[in-house]
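Chain residues, written in single-letter form:
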Amino acid sequence: MPGEMYTKIIDELAEIEYSGKIWYSRYNEPFSDRIILDRLREARQKLPDATLHTFTNGDYIAREYLDEIAEAGLNDLHIMRYPLNKEDAEYNGQQQRKILTAYAEKLDLPFEHRKDIALKISHPSMTIEVLGHNPKQIFINRADSVTISHKSHRRTVPCHSPFTSMYIDHNGSVMPCCNVRSDVPKHAEMVMGNVAEKTVFEIYANLRYSLLRYQMRDFGSKVYPCNVCDNYHYTFFRKVPENHS
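Residues numbered from 1 in each chain as written. Predicted model: local features only at pLDDT ≥ 70, side-chain atom pairs only at ≥ 80, totals over all residues. Heavy atoms only, no water.

*Asks:* I'm lost on the environment of Val174 in this one. Help?
*Replies:* Tracing the chain through its elements places Val174 in strand 8 (residues 173-175). Linking Val174 and Met190, residues 16 residues apart in sequence, is a C-alpha distance of 8.5 Å. Excluding residues within four positions of it along the chain, Val174 makes contact with Met166, Tyr167, Ile168, Met190, Val191, Met192, Gly193, Val195, Ile203 and Tyr209. (Helix = DSSP H or I, 4+ residues; strand = E, 2+ residues; numbered from the N terminus. Contact = heavy atoms within 4.5 Å.)

What follows is the structure, given as structure tokens:
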């Protein structure tokens, strides 16, 4: 994302003293380019009460770099260490736990095992978790952009993403959900606007975004690609009525 565009977004959030969460993960590896440090510092300076968070595969993380990231202002870090098993291999939780332990030891920080396949690493100024879930249990079709042969889904339940989140691609396109992308042709109708042309507030309140939220608040038919998305993202009700999924 061009620096001018990033600054425009941060400045607009600063106008309302934004204190929510900013994620630096959008189908990318955020720490492969050290420009992330400048972006974090700018956000931290202008948005002192915001929570800065990201996911990483951890390949570029070493102790020195980790401390620089914390100094720049990141609050929360999730390190995803997926197993490198062959497609037909069985997931081995015990082996994966050993892999996570070996990775955490390289960072030379205290850590503790948590439930499932996860570690919590103690850092003076940042919350860090190392996760090693079974990918086959969390695969989703990314709003019909990824083919998963064993899954067939028709969504009729609500989704809170258009209400709580705004995802901005590197080209400034605003998407209502992490599963849709502006560079996927079949997701073109999900582009809510562009921050180069409008403020984030104007885009969030525009007619397209509002109509999507109106539909996603209730049970019933959904527009494409929401109608085939299998991301179970809904928390409005405790129990799903019959004939809804």
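Here the narrative resumes.
*Asks:* Before we go on, may I ask you to explain the packing of aromatic side chains in this structure?
*Replies:* Geometry of an aromatic ring pair is reported as the spacing of the ring centres plus the angle between the planes. Taken as a whole and judged by the stated rule, the model has four aromatic pairs. Where Trp23 meets Phe55, the ring centres are 5.4 Å apart and the plane angle is 40 degrees; that geometry is what we call tilted. Within this pair, whereas Trp23 is found in strand 1 (residues 21-23), its partner Phe55 is found in strand 2 (residues 51-56), the two being separated by 32 residues in sequence. We classify Trp23 as partly exposed; its relative accessible area is 42%. A ring pair is formed by Phe31 and Tyr65, whose centres lie 5.9 Å apart and whose planes are at 75 degrees; its orientation type is edge-to-face. In this pair, Phe31 sits in the loop between strand 1 and helix 2 (35-46) while Tyr65 sits in helix 3 (residues 63-72), placing the two residues 34 residues apart along the sequence. Each member of the pair, Phe31 as well as Tyr65, is classed as buried. Taking the ring centre of Tyr27 as reference, the NZ or CZ of Arg181 above it sits at 4.8 Å. In this structure, Arg213 is placed above the aromatic ring of Tyr204, and the distance from its NZ or CZ to the ring centre is 4.1 Å. (Phe/Tyr/Trp six-rings, centres within 6.5 Å; stacked < 30°, edge-to-face > 60°. Buried < 20%, exposed > 50% of the residue type's maximum accessible area, 1.4 Å probe, protein only. Lys NZ or Arg CZ within 6 Å of the ring centre and 35° of its normal.)

*Asks:* Please explain helix 1 (residues 3-15) as it appears in this structure.
*Replies:* For the α-helix, the turn length of 3.6 residues means that residues three or four positions removed from each other point alike. In this model helix 1 runs 18 Å from its N-terminal to its C-terminal C-alpha over 13 residues, within 8% of the 18 Å that 1.5 Å per residue would give. Buried residues of helix 1: Met5, Tyr6, Ile9, Ile10, Glu12 and Leu13, and no others. Within helix 1, the buried residues cover an arc of 160 degrees as seen down the axis, which keeps them to one side. Residues Glu4 and Glu15 are exposed on helix 1 and point more than 90 degrees away from its buried face. The elements touched by buried residues of helix 1 are strand 1, helix 2, strand 7 (167-168), strand 9 (193-194) and helix 7 (200-204). Looking one or two residues beyond helix 1, the residue adopting positive phi is Glu17, at roughly 50 degrees. (Expected span 1.5 Å × (residues − 1). Arc of directions from axis to C-beta.)

*Asks:* Hey, could you run me through the sheet that holds strand 2 in this one?
*Replies:* Across a sheet, paired strands are connected by hydrogen bonds in the backbone, their directions being either parallel or antiparallel. Sheet architecture is open: six strands sit in the order 1-2-3-6-5-4, paired in mixed fashion. Two strands close off the open sheet at either side, each with one partner strand: strand 1 and strand 4 (111-114). Across this sheet, the average inter-strand angle for adjacent strands is 20 degrees, counted without regard to direction. (Pairing = 2+ DSSP bridges. Axes fitted to C-alpha atoms, helices over the stretch in contact; angles between N-to-C directions.)

*Asks:* I tried to follow helix 8 (residues 207-216) on my own but got confused; where do I start?
*Replies:* Of the positions making up helix 8, those classed as buried are Tyr209, Leu212, Arg213 and Met216. The buried residues of helix 8 occupy an angular sector of 100 degrees when projected down its axis, which confines them to one face. Residues Leu207, Leu211 and Tyr214 are exposed on helix 8 and point more than 90 degrees away from its buried face. Those residues of helix 8 that are buried lie in contact with helix 6 (161-164), strand 8 and helix 7. Where helix 8 starts, the residue carrying a side-chain oxygen 3.3 Å from the main-chain nitrogen of Arg208 turns out to be Asn206. (Polar contact = N/O pair within 3.5 Å; in protein donor to acceptor, adjacent residues only side chain to side chain.)

*Asks:* Quick question: what am I supposed to make of the packing of helix 2 against helix 3 here?
*Replies:* Two packed helices can be described by the angle between their axes and the distance between those axes. The contact between helix 2 and helix 3 brings their axes to 8 Å, and the two run at 25 degrees. When the interaxial angle is binned, helix 2 and helix 3 end up roughly parallel. Of the residues in helix 3, those touching helix 2 at Ile36, Leu37, Leu40, Arg41 and Arg44 are Tyr65, Glu68, Ile69, Glu71 and Ala72. (Parallel < 35°, antiparallel > 145°, perpendicular 65-115°, else oblique.)

*Asks:* So what exactly am I meant to see when it comes to the pattern of salt bridges here?
*Replies:* Between side chains of opposite charge, a pair can form as their charged atoms come close. Using the criterion set out here, one finds 13 salt bridges in the structure. Taking the shortest distance from any N to any O, the salt bridge between Arg41 and Glu71 comes out at 3.4 Å. In this pair, Arg41 sits in helix 2 while Glu71 sits in helix 3, placing the two residues 30 residues apart along the sequence. Given a relative accessible area of 55%, Glu71 falls into the exposed group. The salt bridge involving Asp183 is made with Arg181; its shortest N-O contact spans 2.7 Å. One network of salt bridges, with partners in common, ties together Asp11, Glu42 and Lys46. (Salt bridge = Lys/Arg side-chain N within 4 Å of Asp/Glu carboxyl O.)

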